[in-house]
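The chain contents come next:
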Amino acid sequence: MEVIFLGTGTSQGVPMIAQPPGTLNLANPRNWRTRCSIHVIMGGTRIQVDAAQEFRLQCLREDLREIDTFILTHGHADHILGMDDLRRFCDQIPGHVLPVYSTAAGLERIRQVYPYAVGEQPASKGYPCFGLKEMPRKLELPGGTIQTVLLPHGSVEVLGLVFEEKGTGKKFAYYCDCKEVGEPARELARGADLVVLDGLRPHAHPTHMTIDEAVVVAKAINAPQTYLTHMTFQVDHDATEAKLPKGIGLAYDGLRVKL
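Calculation rules
Residues numbered from 1 in each chain as written. Predicted model: local features only at pLDDT ≥ 70, side-chain atom pairs only at ≥ 80, totals over all residues. Heavy atoms only, no water. 1 Å grid on protein atoms, 1.4 Å probe; cavity = no way out; pocket = protein on both sides within 12 Å on 5 of 7 lines; lining within 4 Å. Points joined across faces, edges and corners; volume = space filled by probe spheres on them. Helix = DSSP H or I, 4+ residues; strand = E, 2+ residues; numbered from the N terminus. Nonpolar A, V, L, I, M, F, W, Y, C, P; charged D, E, K, R; others polar. Buried < 20%, exposed > 50% of the residue type's maximum accessible area, 1.4 Å probe, protein only. Arc of directions from axis to C-beta. Contact = heavy atoms within 4.5 Å. Pairing = 2+ DSSP bridges. Axes fitted to C-alpha atoms, helices over the stretch in contact; angles between N-to-C directions. Core = buried A, V, L, I, M, F, W, Y, C linked by side-chain atoms within 4.5 Å. Salt bridge = Lys/Arg side-chain N within 4 Å of Asp/Glu carboxyl O. Polar contact = N/O pair within 3.5 Å; in protein donor to acceptor, adjacent residues only side chain to side chain. Phe/Tyr/Trp six-rings, centres within 6.5 Å; stacked < 30°, edge-to-face > 60°. Lys NZ or Arg CZ within 6 Å of the ring centre and 35° of its normal.

## Some thoughts on the layout of surface pockets
Okay, step 1: Roughly 230 Å³ of volume is contained in the largest pocket.
Okay, step 2: Every residue lining the largest pocket is listed: Phe 55, Arg 56, Cys 59, Leu 60, Asp 63, Leu 64, Arg 65, Asp 85, Arg 87, Arg 88, Phe 89 and Gln 92.
Okay, step 3: For the lining of the largest pocket, the elements supplying multiple residues, two or more each, are helix H1 (55-62) and helix H3 (87-91).
Okay, step 4: For the lining of the largest pocket, the element with the most residues is H1, which contributes four residues.
Okay, step 5: Per-class residue counts for the lining of the largest pocket are five nonpolar, one polar and six charged.
Okay, step 6: In this structure, the second largest pocket occupies an estimated 160 Å³ of space.

## Looking at H1
Okay, step 1: Inspection of H1 places Phe 55, Gln 58, Cys 59 and Glu 62 among the buried residues, and these make up the whole buried set. Down the axis of H1, the buried side of the element spans an arc of 100 degrees, and every buried residue falls inside it. The exposed set on the far side of H1, more than 90 degrees from its buried face, consists of Leu 57 and Leu 60.
Okay, step 2: Taken together, the buried residues of H1 touch strand S1 (2-7), strand S2 (37-42), strand S3 (45-49), H3 and strand S14 (256-258).

## Thoughts on the sheet that holds strand S11 (residues 194-198)
Okay, step 1: Spatially, seven strands are ordered S7-S8-S9-S10-S11-S12-S13 in an open sheet, and the strand pairing comes out mixed. What marks the edges here is a single partner per strand, and that holds for strand S7 (138-141) and strand S13 (248-250). For this sheet, the mean angle separating the axes of adjacent strands, direction not counted, is 20 degrees.
Okay, step 2: Across three bridges, strand S12 (residues 225-229) lies against S13 in parallel orientation.

## Observations regarding the nonpolar core
Okay, step 1: Counting 28 residues, the largest nonpolar core has Phe 5, Ile 146, Phe 163, Phe 172 and Tyr 174 as its most contacted members.
Okay, step 2: If you list the elements that add at least two residues to this core, you get S1, S2, S3, S7, strand S9 (156-165), strand S10 (171-175) and S11.
Okay, step 3: When residues no more than four places from it in sequence are discounted, the contact partners of Ile 146 are Met 42, Ile 47, Ile 71, Met 135, Arg 137, Lys 138, Leu 139, Leu 141, Leu 161, Val 162 and Phe 163.
Okay, step 4: The next biggest cluster of nonpolar side chains, apart from the first, holds 27 residues, and it includes Val 162, Leu 188, Val 195 and Val 215.

## Focus: the pattern of salt bridges
Okay, step 1: Scanning the entire structure with this criterion turns up twelve salt bridges.
Okay, step 2: Between Glu 62 and Arg 256 there is a salt bridge; the shortest N-O distance is 3.2 Å. In this pair, Glu 62 sits in helix H1 while Arg 256 sits in strand S14, placing the two residues 194 residues apart along the sequence.
Okay, step 3: Across the pair Glu 187 and Arg 190 runs a salt bridge whose closest N-O atoms are separated by 2.8 Å.
Okay, step 4: Overall, the relative accessible area of 48% leaves Glu 187 in the partly exposed class.
Okay, step 5: Judged by relative accessible area, which is 28%, Arg 190 ranks as partly exposed.
Okay, step 6: Through salt bridges that share partners, Glu 2, Arg 61, Glu 62, Asp 253 and Arg 256 make up one connected network.

## Describing the environment of Asp 68
Okay, step 1: The topology assignment puts Asp 68 in the loop between H1 and strand S4 (69-71).
Okay, step 2: Each C-alpha atom of the pair Asp 68 and Pro 99 lies 7.4 Å from the other, and the pair is 31 residues apart in sequence.
Okay, step 3: Beyond its immediate stretch of four places on either side in the chain, Asp 68 contacts Gly 44, Thr 45, Arg 46, Leu 98 and Pro 99.
Okay, step 4: Reaching out from Asp 68, the side chain makes a polar contact with the backbone nitrogen of Arg 46 at a distance of 2.8 Å.

## Overview of the packing of aromatic side chains
Okay, step 1: Enumeration according to the criterion identifies seven aromatic pairs in this entry.
Okay, step 2: Seen in terms of ring centroids, Tyr 114 and Phe 130 are 6.1 Å apart; in terms of plane orientation they differ by 85 degrees. Their pairing is edge-to-face. Here Phe 130 lies in strand S6 (residues 130-134) and Tyr 114 lies in the loop between helix H4 (104-113) and S6, a separation of 16 residues in the sequence. Of the two residues examined, Tyr 114 and Phe 130, each falls in the buried class.
Okay, step 3: Here Tyr 116 and Tyr 127 contribute two aromatic rings whose centre-to-centre distance is 6.3 Å and whose plane-to-plane angle is 85 degrees, an arrangement assigned as edge-to-face. Linking Tyr 116 in the loop between H4 and S6 with Tyr 127 in the loop between H4 and S6, this pair joins segments that are eleven residues apart in sequence.
Okay, step 4: According to the relative accessible area criterion, Tyr 127 is partly exposed, its value standing at 33%.
Okay, step 5: By way of ring pairs, the aromatic residues Tyr 114, Tyr 116, Tyr 127 and Phe 130 are connected into one cluster.
Okay, step 6: The positively charged end of Arg 30 is found above the aromatic ring belonging to Tyr 252, 3.8 Å away from the centroid.

Quick look at the structure:
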């Protein structure tokens, strides 16, 4: 299994517009964060999770050429607004309809934002076309399975995803955009080779975990490696990572992890 971090920043990106001076070492490329999404290759199946505003540029940077399945964790702007650029991937699959999974609320948001892309065939050559499906508790794919759990994120619930590769048994948990990770979600993630957690910033936020809150969850799950993601401009990569316990690090745009 391979996990590619396309973006690791929060909804405003990092640095943000009118970035306060002196808050971040912008000479460090790991402090330049596009909005959050990942690409997972599991047993040869290519799964895209979320599509941020920079999705096209992320795909070009990482030379992504195929997507078999798309999962929207939730319908917030920084996770859905790049979906129009899935059109190129729709062009390259038989029937040109990309399977798209989300919660019922996520699917409704897709219908609202992309009415021209929902159907049984593209509206015109080169258009995106999404085959909408409600995400089951356990999704069976040719390369393995994805189990899901709902995580609290303000007024919405977000899909937490646990991937397990068929051929190797490797396991990866992705819990982004959440205020807490309860015991059912922790139990589902136990035994994972890699865990990725929401770690927004040092101080409290009403809908995201802080760095310290994420560290508590990481220790409870006790994976060999945990990365934090969805970080604001208040998180300097080197300064923050130096304070983290062993086995816990900060993800960065372009990070590739092979399991």
